[in-house]
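Here's the letter readout for the chains.
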Amino acid sequence: MERKMTVSYITRTAILLAIALIFQIGLKGVGQPLVGPLVNFVLIMSALLVGTISGIIVGCLTPLIAFSLGIMPLFPIVPFIMAGNSLYVIFFNLLRGRNEKKSGEWIGIIIASLVKYAFLVLTVRYVVTLFVKVPPKVIATFSIPQLYTALIGGALAIIVKRFLPKSMFLNN
């Protein structure tokens, strides 16, 4: 069951959103191989530290803000990125909760990454292209690199989580 939206919940979510935006804006010129895993790291850390809704909020606002700042050039893709990020967080938290052992988090990351990857590949390649012309470079960006960035970011979050004190987790 998700917690109520307390001041602590909102503040932690805002801080995690700010961290994701620092990665997106500060590393804008570096590109997807570094920024993608870092944003996915923050999405999973949001889910771990605060909760599923926090991860969804961060996952929905980051692509919207990236578009408004000119980082993401095609607006028709933005809602699908938002949905893909949400699926990533939801599947991770659902699957890690079903298996309380340490392997549950790893299974959650692997399956959540595959779901996000499949969703983005199918929607960008087959749905968005029905409405707008999507450059091949953008289609390539929303293919296998999405799987790698989700896996790397999620793995990093699981590793970092092990070093954090329990007091940092709002769920505890």
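Residues numbered from 1 in each chain as written. Predicted model: local features only at pLDDT ≥ 70, side-chain atom pairs only at ≥ 80, totals over all residues. Heavy atoms only, no water.

1. Examining helix H4 (residues 78–98)
Point 1. In this model, H4 (21 residues) spans 30 Å end to end at C-alpha, consistent with the 30 Å of a helix rising 1.5 Å per residue.
Point 2. Residues of H4 that are buried include every one of Val78, Ile81, Gly84, Asn85, Ser86, Tyr88, Val89, Phe92 and Asn93, and no others. (Helix = DSSP H or I, 4+ residues; strand = E, 2+ residues; numbered from the N terminus. Expected span 1.5 Å × (residues − 1). Buried < 20%, exposed > 50% of the residue type's maximum accessible area, 1.4 Å probe, protein only.)

2. Re helix H2 (residues 32–49)
Point 1. When the terminal C-alpha atoms of H2 are compared, their 25 Å separation across 18 residues agrees well with the 26 Å that a helix rising 1.5 Å per residue should span.
Point 2. For H2, the buried fraction is high: 15 of the 18 residues fall into the buried class.
Point 3. Gly51 lies just past H2 and shows a positive phi near 150 degrees.

3. Structural notes on the side chain of Ser143
Point 1. With respect to the helices, strands and loops of the structure, Ser143 is situated in the loop between helix H6 (136–141) and helix H7 (144–161).
Point 2. Among the polar contacts made by the side chain of Ser143, one reaches the main-chain carbonyl oxygen of Ala140 at a distance of 2.6 Å.
Point 3. In contact with Ser143, other than residues within four places in its own chain, are Tyr117, Val121 and Arg125. (Polar contact = N/O pair within 3.5 Å; in protein donor to acceptor, adjacent residues only side chain to side chain. Contact = heavy atoms within 4.5 Å.)

4. Re the confidence of the model for the protein
Point 1. For the protein, per-residue confidence averages 90 on the pLDDT scale, and 95% of positions sit at 70 or higher.
Point 2. Within the protein, the lowest mean pLDDT, 88, falls on H6, and the highest, 96, falls on H7. (pLDDT = per-residue confidence, 0-100.)

5. Focus on the packing of aromatic side chains
Point 1. Summed over the entire model, instances satisfying the criterion amount to two aromatic pairs.
Point 2. Judged by centre distance (6.5 Å) and plane angle (40 degrees), the ring pair of Phe80 and Phe119 falls under tilted. With Phe80 in helix H4 and Phe119 in helix H5 (residues 102–131), this pair connects stretches of sequence that are 39 residues apart.
Point 3. Here Phe80 falls in the partly exposed class, since its relative accessible area comes to 21%.
Point 4. Seen from the ring of Tyr88, Lys116 lies directly overhead, with NZ or CZ sitting 5.1 Å from the centre. (Phe/Tyr/Trp six-rings, centres within 6.5 Å; stacked < 30°, edge-to-face > 60°. Lys NZ or Arg CZ within 6 Å of the ring centre and 35° of its normal.)

6. Let's talk about the nonpolar core
Point 1. Counting 26 residues, the largest nonpolar core has Leu16, Ile44, Met45, Leu48, Val58, Tyr88 and Phe92 as its most contacted members.
Point 2. Mapped onto this core, the elements with two or more residues apiece are helix H1 (7–26), H2, helix H3 (52–68), H4, H5 and H7.
Point 3. For this core, the leading source of residues is H2, giving eight residues.
Point 4. The residues contacting Val58, other than those within four sequence positions of it, are Thr13, Leu16, Leu17, Ala20, Val42, Leu43 and Ser46.
Point 5. Residues Leu74, Leu120, Val124 and Phe142 belong to the second largest nonpolar core, which totals 13 residues. (Core = buried A, V, L, I, M, F, W, Y, C linked by side-chain atoms within 4.5 Å.)

7. So, the pattern of salt bridges
Point 1. Considering all chains together, one arrives at two salt bridges under this definition.
Point 2. Among the ionic pairs, Lys161 bridges to Glu105, the shortest N-O distance being 2.6 Å. Taken together, the residues span a long stretch of sequence, with Lys161 in helix H7 and Glu105 in helix H5 at a distance of 56 residues. Here Lys161 matches Glu105 in class, with each residue buried. (Salt bridge = Lys/Arg side-chain N within 4 Å of Asp/Glu carboxyl O.)

8. What about a nonpolar patch on the surface?
Point 1. Together, Met5, Ile10, Ile53, Ile57, Leu61, Leu64, Phe67 and Phe75 give the surface a local cluster of nonpolar side chains, amounting to about 630 Å² of exposed area.
Point 2. If you tally residues by element for the nonpolar patch, the top one is H3, at five residues.
Point 3. As for its position among the elements, Leu61 is in helix H3.
Point 4. A relative accessible area of 32% places Leu61 in the partly exposed class. (Patch = residues over 30% accessible without salt bridge, like charges linked within 9 Å, V, L, I, M, F, W, Y side chains within 5 Å. Areas by Shrake-Rupley, 256 points an atom, 1.4 Å probe, with all protein chains shown as cover.)

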